[in-house]
Amino acid sequence: MNNPGCLLVLDRGFKMSALEKARSIPVVGDSTVLVGPGLFSEIPKDIKNKFPKTSKFVIVSDKTVYGLYGDKLLEGCKAQGLNTIAYQITPGEKSKCRKVKAEVEDFMLENRCLRDTLVIALGGGVVGDLAGFVAATYLRGVPVVQIPTSVMAMVDSSVGGKTAINVPAGKNLIGAFHQPRVVYADMLLLKTLTEKQVKEGLAEAVKMGCIRNAGLFDYMEKNAEKILKQDSEALAEVIYTAIKGKADVVAQDEKEKGLRSTLNFGHTIGHAVEALEKKEVLYHGECVAIGMVHEMAVLADMGHLDAKHVDRITECLKAYNLPTDIPEELKVEDMMKKMKIDKKNKNGQIRITCVQGIGKSLPDPIPIDEGAVSKYLKSLVNGGS
């Protein structure tokens, strides 16, 4: 005879781990994103199970993030019996360069890391891009896992296998496609971020809503205050939905032959703003926010969408305290030069993602007339006239 009381006691005694509760998002091949709070402490055991033939584990982080989480991860890996070493880079975009990449590689060579090595990227977009590129090229390729510690890295840069460094000609122009085996998106790692760091990452989620998911845009539009304050349920919903949207695109177009290029909405003008010297320091996501507004305005001028959508995205971004105006000190001629070397360009033509309305865009970027863009920018930027 069944004993309900006994069953109740057993049920109360069972506790699911953070990994068991995490939502899993497949990307390409065996690349997977795990989304949920509390994953971080369980990562060492998980990578031990997932990579049983790996002989060495290399944590790559920046000094700020390592100070928060690095020792805990290193100690956790060693407690699992994993032969683990760590390398810390200087925080900031300047570290995403050839020189620092070579320094990481030399560190790995000095420590006799072979092909049975796993790179663990612990940090934001700079660390993820750099460490991912190291993994892509070291001994012609070793696996990498990503532990993003910023909203930007969670919803965008850690997912999909794009790795790169910056060069004098522009951002992310030297790199490789190298899918992370696992991305561990633990929202609890975001608690140490400033509002500026949180909102710049949310710009990428707004972008996903604009180009592919009207429901996500609506949700962010209506819940800006809760999301900015990192309400656990609201932020988790945004991060999961944005990652799922990117994963769906990457699954269809891993090497950016067409559809994946649309994820660069806002980046044509945004990268130009980001690359040039300004009075105020603007993060990547803040520059993308500026780019989205003005790329939509150009599209409206070209007749591809109703101008009311430009007003709507502008107001949504402002609700997250994101900038929407191009810094007045920038010169149009300088911005145009940067836009001419954008990765989406073909046959010498500048191309941008063609948003047709909130949640709707064409599957391939479209060419735009340089003269029309220059004229539009000159109407906004004092330095270009």
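Our structure is the block above this text.
From a predicted model like this one, the values you see are computed outputs, not experimental measurements.

Caption draft 1: The arrangement of the sheet that holds strand β2 (residues 32-35) in detail. The 7 strands are arranged β1-β2-β9-β6-β5-β3-β4 in an open sheet whose pairing can be described as mixed. In the strand order of this sheet, the two ends are held by β1 (23-26) and β4 (84-89), each with one partner. The average undirected angle you get between the axes of adjacent strands in this sheet is 20 degrees. Sitting on the sheet, helix α4 (residues 63-79) is in contact with β3 (56-62), β4, β5 (117-123) and β6 (144-148), with an inclination near 165 degrees to β3. The strands touched by helix α5 (residues 98-110) are β3, β4 and β5; relative to β4, the strand with the most contacts, the crossing angle is about 160 degrees.

Caption draft 2: Representation of the environment of glutamate 295 in the model. By the secondary structure assignment, glutamate 295 is in helix α13 (residues 284-301). According to the relative accessible area criterion, glutamate 295 is buried, its value standing at 1%. As a C-alpha pair, glutamate 295 and cysteine 354 span 59 residues in sequence and 8.7 Å in three-dimensional space. Ignoring any residue separated from it by four or fewer positions in sequence, one finds glutamate 295 in contact with Phe265, Gly266, His267, Thr268, Ile269, Gly270 and Ile352.

Caption draft 3: Region of the structure containing the pattern of salt bridges. This structure, assessed with the given rule, holds 20 salt bridges. A salt bridge links lysine 101 to glutamate 105, with the nearest nitrogen and oxygen atoms 2.4 Å apart. Placement of both lysine 101 and glutamate 105 in helix α5 is noted, with a separation of 4 residues, approximately one turn of the helix. When sorted by exposure, lysine 101 lands in the same class as glutamate 105, which is buried. Note that lysine 340 is salt-bridged to glutamate 370, the shortest N-O span being 3.6 Å. Of the two residues, lysine 340 is situated in the loop between α15 (332-339) and β10 (351-352) and glutamate 370 in helix α16 (residues 370-378); the sequence distance between them amounts to 30 residues.

Caption draft 4: Local environment of the pairing of β6. A large share of β6 lies buried, amounting to 5 of its 5 residues. Residues Val144, Gln146 and Pro148 point to one face of β6 and Val145 and Ile147 to the other, with burial holding for every one of them. Sheet topology places β5 next to β6; 5 bridges connect them, and they run parallel. Along β6, the bridge assignment pairs valine 119 with valine 144. At this point the chain moves from β5, through helix α6 (residues 125-137), to the parallel β6, and the crossover so formed is right-handed. The pairing of β6 with strand β9 (residues 182-185) spans 2 bridges and is parallel. Pairing of valine 145 across the sheet is with valine 182, part of β9.

Caption draft 5: Quick look at the packing of helix α9 (residues 214-222) against helix α11 (residues 232-252). α11 packs onto α9 with a crossing angle of 155 degrees between their chain directions and a minimal axis gap of 11 Å. Classified by the angle their axes make, α9 and α11 are roughly antiparallel. In this structure, the crossing between α9 and α11 has a hand that is left-handed. Contacts from Leu216, Tyr219 and Met220 of α9 reach α11 at Ala234, Glu237, Val238, Thr241 and Ala242. Residues belonging to the contact of α9 with α11 are distributed by class as follows: 6 nonpolar, 1 polar and 1 charged.

What counts and how
Residues numbered from 1 in each chain as written. Predicted model: local features only at pLDDT ≥ 70, side-chain atom pairs only at ≥ 80, totals over all residues. Heavy atoms only, no water. Pairing = 2+ DSSP bridges. Helix = DSSP H or I, 4+ residues; strand = E, 2+ residues; numbered from the N terminus. Axes fitted to C-alpha atoms, helices over the stretch in contact; angles between N-to-C directions. Contact = heavy atoms within 4.5 Å. Buried < 20%, exposed > 50% of the residue type's maximum accessible area, 1.4 Å probe, protein only. Salt bridge = Lys/Arg side-chain N within 4 Å of Asp/Glu carboxyl O. Right-handed = clockwise from strand over helix to strand, strands pointing away. Parallel < 35°, antiparallel > 145°, perpendicular 65-115°, else oblique. Left-handed = near helix turned anticlockwise from the far one by under 90°. Nonpolar A, V, L, I, M, F, W, Y, C, P; charged D, E, K, R; others polar.

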